[in-house]
Amino acid sequence: MHALETFFTRPLEQQLADPAWPDAHATLLTALEDGSVRAASRADDGRWSANAWVKQAILLGFRRTDVARIEASPAPFHDKTAYPVRSFEAHDKVRLVPGGTSVRRGAYVAPTVVIMPPAFVNVGAYVAAGTMVDSHALVGSCAQIGARVHLSAGAQIGGVLEPAGATPVVIEDDVFIGALAGVFEGVCVRARAVLAPGVVLTASTVIHDLVNEREWRGEIPPGAVVVPGTRPARGSYAEAHGLALGCAVIVKVRDAKTDAATALESALR
Ligand SMILES: CC(C)(COP(=O)(O)OP(=O)(O)OC[C@H]1O[C@@H](n2cnc3c(N)ncnc32)[C@H](O)[C@@H]1OP(=O)(O)O)[C@@H](O)C(=O)NCCC(=O)NCCS
């Protein structure tokens, strides 16, 4: 058992009262940042599960600390003087996270990762080597992003902090997440899968697999190419009004044509 685990699995009241907490919390953030502690782990059979004590320790950080002013070193900006940057004070009670791109403490970002502004990488997230986080992308709290993943412009990878035992969103190695796609509620996208632009996956999203003629929920199988689809809504009212609900459809297994359509521009890296 990790020494930090011993500290952070004690009863909450004990942790809240412990004067050693700031040091232990700082050590936890450093361990998350160097990848030696993770918010979720993969078993040999491929199953992912949350490391509940890590998530609980992150949650305690929100509980034990107050909102305060954070100084940032300003880079020069040049714009119309009519519209200067707004500033906030403590009494505004707005939490303005610094920077066009923010990577929060407690996030692991491997060497060679590219992050285009603005993007936000939240606490507990894990982003492995060779991954591209494009503009306006979100890597939510504790989300686990594999190696050589492409998160296209506007891709939203949801965070899962509570409950502590809930498995975070997992994007495995070599996955391509198209522009404006979103993955939420602990959904797992297996290696080499491709989500077309606009595919939104929650734990409830029905995923119709045209290749294997079956249905999935909460998981995209390896190498699947997924596009947005619709399915007829049930009931006489829906029928009378021609209503359909959104779903996701696996149209094929990734092939050379898909690889060409999702190829990354290596010159930009
Ligand atoms: C998803 C994607 C990779 C598919 O590429 P592909 O493997 O060449 O796909 P194909 O052209 O063989 O399409 C397979 C089937 O899926 C359908 N399809 C493909 N993309 C689709 C989409 N976005 N929505 C609906 N259907 C789609 C095709 O019409 C085709 O159906 P058909 O066989 O009935 O004609 C590609 O469309 C794509 O999204 N590229 C990335 C775009 C992007 O987000 N760029 C990042 C910018 S920052």
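Since this is a predicted model, take the numbers as computed values, not measurements.

Chemist: Which parts of the structure should I look at to understand the nonpolar core?
Modeler: Here is a general trend for soluble globular proteins: nonpolar side chains tend to be buried in one another's company. Core analysis: the largest hydrophobic core is formed by 40 residues, its most contacted members being Val 139, Ile 171, Ile 177, Val 183, Leu 201 and Ile 220. Of all the secondary structure elements, the ones that give two or more residues to this core are β7 (126-127), β22 (224-232) and β23 (244-253). If we skip the residues at most four places from it in the chain, Ile 220 touches Cys 188, Val 189, Arg 190, Ala 193, Leu 195, Leu 201, Ile 207 and Val 226. Formed by 20 residues, the second largest nonpolar core is a distinct cluster that contains Leu 32, Val 37, Ile 58 and Leu 161.

Chemist: How do you make sense of the side chain of Ser 135 when you look at a structure like this?
Modeler: Locating Ser 135 in the fold gives a position in the loop between β8 (132-133) and β9 (138-139). Given the relative accessible area of 19%, Ser 135 is considered buried. Only 2.8 Å separates the side chain of Ser 135 from the backbone oxygen of Pro 117, close enough to count as a polar contact. With residues up to four places along the chain from it excluded, the contact list for Ser 135 reads Met 116, Pro 117, Pro 118, Ala 153 and Gly 154.

Chemist: How do you make sense of the packing of aromatic side chains when you look at a structure like this?
Modeler: Summed over the entire model, instances satisfying the criterion amount to three aromatic pairs. Relative to Tyr 126, the ring of Tyr 108 has its centre 4.3 Å away and its plane inclined at 25°; by these criteria the two rings are stacked. Taken together, the positions of Tyr 108 in strand β4 (residues 108-109) and Tyr 126 in strand β7 put the pair 18 residues apart, joining distant regions of the chain. Judged by relative accessible area, which is 14%, Tyr 108 ranks as buried. By relative accessible area, Tyr 126 is classed as buried at 14%. Pairwise contacts between aromatic rings join Phe 7, Phe 8 and Trp 53 into one cluster. The ring of Tyr 126 carries Arg 38 above its face, with NZ or CZ at 3.4 Å from the centroid. Across the ring face of Trp 216, the terminal group of Arg 214 is positioned such that the distance to the ring centre comes to 3.5 Å.

Chemist: When you look at the environment of Gly 146 in this model, what are you seeing that I'm missing?
Modeler: By the secondary structure assignment, Gly 146 is in the loop between β10 (144-145) and β11 (150-151). On the basis of relative accessible area, Gly 146 is assigned to the buried category, the value being 9%. For the pair Gly 146 and Val 175, spaced 29 residues apart in sequence, the C-alpha separation works out to 7.9 Å. Here Gly 146 is in contact with Ala 128, Thr 131, Ile 171, Glu 172 and Asp 173, once residues within four sequence places are set aside.

Chemist: Quick question: what am I supposed to make of the sheet that holds strand β18 (residues 200-201) here?
Modeler: Backbone-to-backbone hydrogen bonds pair the strands of a sheet. The strands run either parallel or antiparallel. What the six strands build is an open sheet, ordered β3-β6-β9-β12-β15-β18; its pairing is parallel. Of all the strands in the sheet, the pair left with one neighbour each is β3 (102-103) and β18. Pairing between strand β15 (residues 182-183) and β18: two bridges, direction parallel. What sits directly across from Gly 182, in β18, is Val 200.

Chemist: In this structure, what is going on with the site of the ligand? I would like to understand it.
Modeler: Taken together, 17 residues lie near the ligand, and Ala 179, Pro 197, Lys 252, Lys 257 and Thr 258 sit nearest. Contacts to the ligand include Ala 179, whose backbone N or O atom sits 2.9 Å from an oxygen atom. Within the side chain of Thr 258, a nitrogen or oxygen atom sits 2.6 Å from an oxygen atom of the ligand. Compared with its free state, where it exposes 940 Å², the ligand has 53% of that area covered by protein.

Chemist: When you look at helix α3 (residues 21-33) in this model, what are you seeing that I'm missing?
Modeler: Because each turn of an α-helix spans 3.6 residues, side chains separated by three or four positions in sequence point in the same direction. A rise of 1.5 Å per residue sets the reference length of α3, with its 13 residues, at 18 Å; its end C-alpha atoms lie 18 Å apart and thus fit the reference within 8%. Residues of α3 that are buried: Trp 21, Ala 24, His 25, Leu 28, Leu 29, Ala 31 and Leu 32. Buried residues of α3, seen end-on, are gathered within an arc of 160° and therefore sit on one face of the element. Looking one or two places after α3, you find Gly 35, whose phi comes out positive at around 80°.

Chemist: Would you explain unusual backbone geometry in this entry?
Modeler: Excluding glycine, a negative phi dihedral is what most residues carry, and trans is how most peptide bonds are arranged. A cis amide bond links Pro 117 with the next residue in sequence, Pro 118, at an omega value of -10°. Tracing the chain through its elements places Pro 118 in the loop between β5 (114-115) and β6 (120-121). With an omega of -10°, the peptide bond running from Glu 162 to Pro 163 counts as cis. Residue placement: Pro 163 occurs in the loop between β12 (156-157) and β13 (170-171). The backbone phi angle of Leu 180 is positive, close to 60°, even though this residue is not glycine. Considering the arrangement of structural elements, one finds Leu 180 in the loop between β14 (176-177) and β15. The class for Leu 180 is exposed, based on a relative accessible area of 63%.

What counts, and where the lines are drawn
- Residues numbered from 1 in each chain as written.
- Predicted model: local features only at pLDDT ≥ 70, side-chain atom pairs only at ≥ 80, totals over all residues.
- Heavy atoms only, no water.
- Core = buried A, V, L, I, M, F, W, Y, C linked by side-chain atoms within 4.5 Å.
- Buried < 20%, exposed > 50% of the residue type's maximum accessible area, 1.4 Å probe, protein only.
- Helix = DSSP H or I, 4+ residues; strand = E, 2+ residues; numbered from the N terminus.
- Contact = heavy atoms within 4.5 Å.
- Polar contact = N/O pair within 3.5 Å; in protein donor to acceptor, adjacent residues only side chain to side chain.
- Phe/Tyr/Trp six-rings, centres within 6.5 Å; stacked < 30°, edge-to-face > 60°.
- Lys NZ or Arg CZ within 6 Å of the ring centre and 35° of its normal.
- Pairing = 2+ DSSP bridges.
- Near = heavy atom within 4 Å.
- Areas by Shrake-Rupley, 256 points an atom, 1.4 Å probe, with all protein chains shown as cover.
- Expected span 1.5 Å × (residues − 1).
- Arc of directions from axis to C-beta.

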